[in-house]
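# Reading the structure
Single-letter residue listing:
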Amino acid sequence: MGLVSLSEVLEKANANGYAVGAFNFSNLEFLTGIIEAAVELESPIIVQTTEGAVNYAGMGLLIAMTKTAASSVKIPVALHLDHGKDMDVITAAIKSGYTGVMIDASDKPFSENLSITRRVVEQAHARGVSVEAELGRLMGQEDHIDVSERDAYLVDPDEAEKFARETGIDALAPAVGTAHGAFKYKGEACIDFERITRVKTDCGLPLVLHGASGVSEWIVAKAVRYGADLPGVKGVPDELVSRAIKAGVNKVNVDTDLRLAGLGALRQVLAEKPAEFDPRKLLGPVKSAVKEVVSQKINLFGSAGKGRT
Ligand code: G3H
Ligand code: 13P
Ligand code: ZN
């Protein structure tokens, strides 16, 4: 089918009240595991790479792999740059074949975030590339959200409306209480659903939930059984993700769950087959584990069957 724009995928989701998974990858096994799951469930799919993934594998290879994979399937596939911060990388992604870019200037003051984002929108839209931007602050990989200081980091709904109107972005990632990585909460998991509803009502845009991995027992258990040291991991329970989608989220970002599932599969095969040295036998199970998680997410997000052509 070839790659489609991020907007094309998200506008349908926005009009019909479901979400599409945006899954991070930086190698062949993750990419093919993600796409195979989407094909089996006839779901549209977003595959995304961070700047870290670009440094690891090279932008040219990531684009070529994704274009080739997309051209041989019938479902819509979008290739998105996740958390773009470096303008050179963002420009290269826009010019080289990504169909969506995220400009993440959320660490800058509001007016600076707005003007940087507006510049990216001008550049991207001139080439038919969609733009996602972030408002409020998501915590980093190792940060824990302390409930008492949480609100200061969350999106301001009044700012969100102005930001959307003045930048012309295609999707907005509002900070609503989630965090990246495997250690998201010290106490009870929580998301500010009222804030999502307000931002949605005021902006009408497809909203993006970052840091949405569930870090569920069924994903973590195998890695721990085979020796992983992961005390205190905690994610966003499925019910909360479902409620966020009902409140207006149309793109759900998942990276950590794929990493954890892949880790479990790799640890198991290394432990059970110490004589194995064929990379396909070692990494094939990683791909299968990624595919299993993506399948579960597609069903949770409500996008199964929505990629039928
Ligand atoms: O924000 C997305 C990721 O979970 C972090 O990915 O290690 O490729 O920067 P990275
Ligand atoms: P997780 O760390 O929860 O998988 O979030 C990934 C993400 O938001 C990528 O942008
Ligand atoms: Zn993110």
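Residues numbered from 1 in each chain as written. Chains lettered and ligands numbered in written order. Predicted model: local features only at pLDDT ≥ 70, side-chain atom pairs only at ≥ 80, totals over all residues. Heavy atoms only, no water.

## Considerations on the overall build of the protein
Counting its secondary structure elements, the protein contains 13 helices and eight strands. For the protein, the C-alpha atoms occupy an extent of roughly 60 × 45 × 35 Å along the three principal directions. Taken over 309 residues, the protein has a buried fraction of 56%. Of all intrachain contacts in the protein linking residues separated by at least 6 positions in sequence, the fraction that spans at least 24 positions is 79%. Total accessible area computed for the protein in this model is approximately 13,000 Å², and 51% of it derives from carbon and sulfur atoms. Counting 34 positive and 41 negative side-chain charges, the protein places the centres of these two groups 5 Å from one another. (Helix = DSSP H or I, 4+ residues; strand = E, 2+ residues; numbered from the N terminus. Buried < 20%, exposed > 50% of the residue type's maximum accessible area, 1.4 Å probe, protein only. Contact = heavy atoms within 4.5 Å. Areas by Shrake-Rupley, 256 points an atom, 1.4 Å probe, with all protein chains shown as cover. Lys, Arg positive; Asp, Glu negative; His and termini not counted. Charge placed at Lys NZ, Arg CZ, Asp CG, Glu CD.)

## What about the pairing of strand β2 (residues 45–49)?
β2 sits mainly inside the fold: five of its five residues count as buried. Strand direction decides the pairing type here: strand β1 (residues 20–24) and β2, joined by three bridges, are parallel. Counted as the bridge partner of asparagine 24 is glutamine 48 from β2. For the crossover that starts at β1, traverses helix α2 (residues 28–40) and ends in the parallel β2, the hand is right-handed. As paired strands, β2 and strand β3 (residues 77–84) are joined by five bridges and run parallel to one another. Among the inter-strand pairings, valine 47 is bridged to a residue of β3, identified as leucine 79. (Pairing = 2+ DSSP bridges. Right-handed = clockwise from strand over helix to strand, strands pointing away.)

## Concerning the packing of helix α12 (residues 256–272) against helix α13 (residues 279–301)
Running from N to C, α12 and α13 cross one another at 145°; their axes reach a closest spacing of 8 Å. In the crossing of α12 with α13, the sense of the turn from one axis to the other is right-handed. Residue-level contacts link Asp257, Leu258, Ala261, Gly262, Ala265, Leu266, Val269 and Leu270 of α12 to Lys281, Leu282, Leu283, Pro285, Val286, Ala289, Val290, Val293, Val294 and Lys297 of α13. Tallied by class, residues from the contact of α12 with α13 come to 14 nonpolar, one polar and three charged. (Axes fitted to C-alpha atoms, helices over the stretch in contact; angles between N-to-C directions. Left-handed = near helix turned anticlockwise from the far one by under 90°. Nonpolar A, V, L, I, M, F, W, Y, C, P; charged D, E, K, R; others polar.)

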